[in-house]
Amino acid sequence: MMRKSFNIDDKISSRLKNLEEYVFFEVAKAKEEAILSGKDVIDLGGGNPDLPPHPRIIEALKKEADDLENHRHPIYEGLPELKKAIGLWFGRRFGVSVDPESEILILIGSKEGLSHVNLAFIDRGDEVLIPNPAYPPYRRSVILAGGKVLDMPLLRRNSWRPDFEELQREDLSKAKLLFLNYPNNPTGALADEGFFEKAVDFAEENELVICHDMAYSEITFDGNRAVSMLQVPGARERTLEFHSFSKTYGMTGWRLGFVVGGRELIKVLRNVEVTVNSGAFHVLQKAAMAALSLPDEAIGEVRQTYQERRDILVNGLRELGWELESPKGGIFVWAKIPYEYDSKTMARLLIDKTGIVTTPGVGLGSQGEGYLRFSLIVDNDRLNEAVGKMKMHLE
Ligand SMILES: Cc1ncc(COP(=O)(O)O)c(C=O)c1O
């Protein structure tokens, strides 16, 4: 029997059709092709840290895997003992006390929470303020939820922070959410409490929920420490702050994060979470408690490692005439391209000539055009090699 042909294009939602190719797919494809063509590839493209979890975390993981009770269906909103440990950590780290039961929700990686928050709050036509450039899932999940993105340019002259006075001149009547991210991916900028106070004032004025992404909260350099939005008095009731075990502890593959914020907001997000997820594996949640109890020196070593890498790359690029600021946090170097190439052409040229994979800035937003993002995810020797190759082939 002949079946009628099936046209999938007619079936795909217009929301999905509105999405461009995910930049990190393109980066991974370019890397794959370079490997297949026999190149010695140095991957500075993605955000996948190479540093493994501390041995104490792995030990806890093994031990918890042996407890068969841990293999049963997880508790939806997260294990009370992990939430309690997070509450204590939050108090120690930021001097802010949070109620573990009502103000914390465990996530399967912070990415899913940052995406699902749009399903919780956005109706068709609602608007969301998104930094440009930024981690692409913010923008994409607004579009998937049927919302509209309002760009907030991050400019060097504004220390890579949105200009709230400028934004206040726009029609923000349909805006519901304000996304911020410090330590910032990709620019490496930090924010201080003064800026966060302005953000809370702006959110209050325009009746916005603040979604603050702190995935890189512990990775800061030169003695700087990142501050939490919740340190601003009165911020809590309108803030959801997303944290991750991925970067600080090298637990990217575990898919574990959490969100801290006002209890009403947490309740709303939990309602989406229980619909699309069924909680995080208890083995991981229990082992994550070992991460939170690591001595400060262990995290200090992580910071030191990324700082050394930063210095190698920043100095190398500067010697080559690239114009850039040394990042204050995060795991990226955001560099203005000193040639007449756009960012996709430059990224391609770099792979072809040197085997170095980077992320073209335009993939992180229109304001990223003219920039490349280098990830600090290989060791010092390999980074020195990368700098050497650029010196040899680009000068
Ligand atoms: C700014 C930012 N937020 C969130 C994430 C996602 O982290 P997680 O592994 O917790 O989902 C990343 C990962 O690259 C990131 O760069």
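Here, the structure is the one placed above.
Here the structure is a predicted model, which is why all the values come from computation and not from measurement.

I'm lost on the packing of helix 13 (residues 343–354) against helix 14 (residues 380–394) in this one. Help?
The relative placement of two packed helices comes down to the angle between their axes together with the axis-to-axis distance. Two elements in contact, helix 13 and helix 14, have axes separated by 10 Å at closest approach and are oriented at 100°. Of the possible angle classes, the one that applies to helix 13 and helix 14 is roughly perpendicular. Contacts from Met346, Leu349, Leu350, Lys353 and Thr354 in helix 13 reach Lys389, Met390, His393 and Leu394 in helix 14. Split into classes, the residues belonging to the contact of helix 13 with helix 14 amount to five nonpolar, two polar and two charged.

Would you mind showing me how to read helix 4 (residues 80–94) here?
Since there are 3.6 residues in each turn of an α-helix, residues three or four apart along the chain are aligned in direction. Taking 1.5 Å of rise per residue, 15 residues should cover 21 Å, and helix 4 covers 21 Å from first to last C-alpha, within 8% of that figure. Looking at helix 4, one finds that the buried residues are Leu82, Lys83, Ala85, Ile86, Gly87, Trp89, Phe90, Arg93 and Phe94. Two residues or fewer after helix 4 comes Gly95, characterised by a positive phi angle close to 70°.

How should I be thinking about helix 9 (residues 193–205) in this particular structure?
In a regular helix each residue adds 1.5 Å, so 13 residues correspond to 18 Å; helix 9 covers 18 Å between its end C-alpha atoms and thus fits that length. Among the residues of helix 9, those classed as buried are Phe195, Phe196, Ala199, Val200, Phe202 and Ala203. An end-on view of helix 9 places all buried positions within 160° of arc, on one side of the element. Turned more than 90 degrees away from the buried face of helix 9, the exposed residues are Lys198, Glu204 and Glu205. Contacts from the buried residues of helix 9 go to strand 3 (127–132), helix 8 (164–168), strand 5 (175–181) and strand 6 (209–213). Just beyond helix 9, the residue with positive phi is Glu207, at close to 55°.

Looking at this structure, how should I read the site of the ligand?
If you check the shell around the ligand, you find 15 residues, and the closest are Asp213, Tyr216, Ser244, Ser246 and Arg255. Measuring from a nitrogen atom of the ligand, one finds a side-chain N or O atom of Asp213 at 2.5 Å. Notes on the ligand: free accessible area 400 Å², of which the protein chains cover 94%. Structurally, the ligand is housed in the largest pocket. At three residues, the largest contribution of residues to the shell around the ligand is made by helix 6 (residues 110–121).

What am I meant to see in the packing of aromatic side chains here?
Any pair of aromatic rings gets described here by the distance separating the centres and the angle formed by the planes. Taken as a whole, this structure holds 21 aromatic pairs when the rule is applied. Measuring from ring centre to ring centre gives 5.7 Å for Tyr135 and Tyr138, while their planes differ by 80°; the resulting arrangement is edge-to-face. The class for Tyr138 is buried, based on a relative accessible area of 0%. Through a chain of ring-to-ring contacts, the aromatic side chains of Trp89, Phe90, Phe94, Phe245, Tyr249 and Phe258 assemble into a single cluster. Over the ring of Tyr371 we find Lys336, and its NZ or CZ is 5.9 Å from the ring centre.

Honestly, the sheet that holds strand 9 (residues 323–324) in this entry has me stumped. Any pointers?
Sheet strands pair via backbone hydrogen bonds, and the direction of the pair is either parallel or antiparallel. Pairing within the open sheet is antiparallel, and its four strands lie in the order 9-10-13-12. Edge positions in the open sheet fall to strand 9 and strand 12 (359–360), since each of these has one partner strand only. Sheet analysis places strand 12 next to strand 13 (residues 371–375), joined by two bridges and oriented antiparallel. Looking at strand 13, one finds that Pro360 is bridged to Leu372. Sheet strands in contact with helix 13 are strand 12 and strand 13, and its direction is about 45° off that of strand 13.

About the thresholds
- Residues numbered from 1 in each chain as written.
- Predicted model: local features only at pLDDT ≥ 70, side-chain atom pairs only at ≥ 80, totals over all residues.
- Heavy atoms only, no water.
- Axes fitted to C-alpha atoms, helices over the stretch in contact; angles between N-to-C directions.
- Helix = DSSP H or I, 4+ residues; strand = E, 2+ residues; numbered from the N terminus.
- Parallel < 35°, antiparallel > 145°, perpendicular 65-115°, else oblique.
- Contact = heavy atoms within 4.5 Å.
- Nonpolar A, V, L, I, M, F, W, Y, C, P; charged D, E, K, R; others polar.
- Expected span 1.5 Å × (residues − 1).
- Buried < 20%, exposed > 50% of the residue type's maximum accessible area, 1.4 Å probe, protein only.
- Arc of directions from axis to C-beta.
- Near = heavy atom within 4 Å.
- Polar contact = N/O pair within 3.5 Å; in protein donor to acceptor, adjacent residues only side chain to side chain.
- Areas by Shrake-Rupley, 256 points an atom, 1.4 Å probe, with all protein chains shown as cover.
- 1 Å grid on protein atoms, 1.4 Å probe; cavity = no way out; pocket = protein on both sides within 12 Å on 5 of 7 lines; lining within 4 Å.
- Sits in = over half its atoms within 2 Å of the grid points.
- Phe/Tyr/Trp six-rings, centres within 6.5 Å; stacked < 30°, edge-to-face > 60°.
- Lys NZ or Arg CZ within 6 Å of the ring centre and 35° of its normal.
- Pairing = 2+ DSSP bridges.

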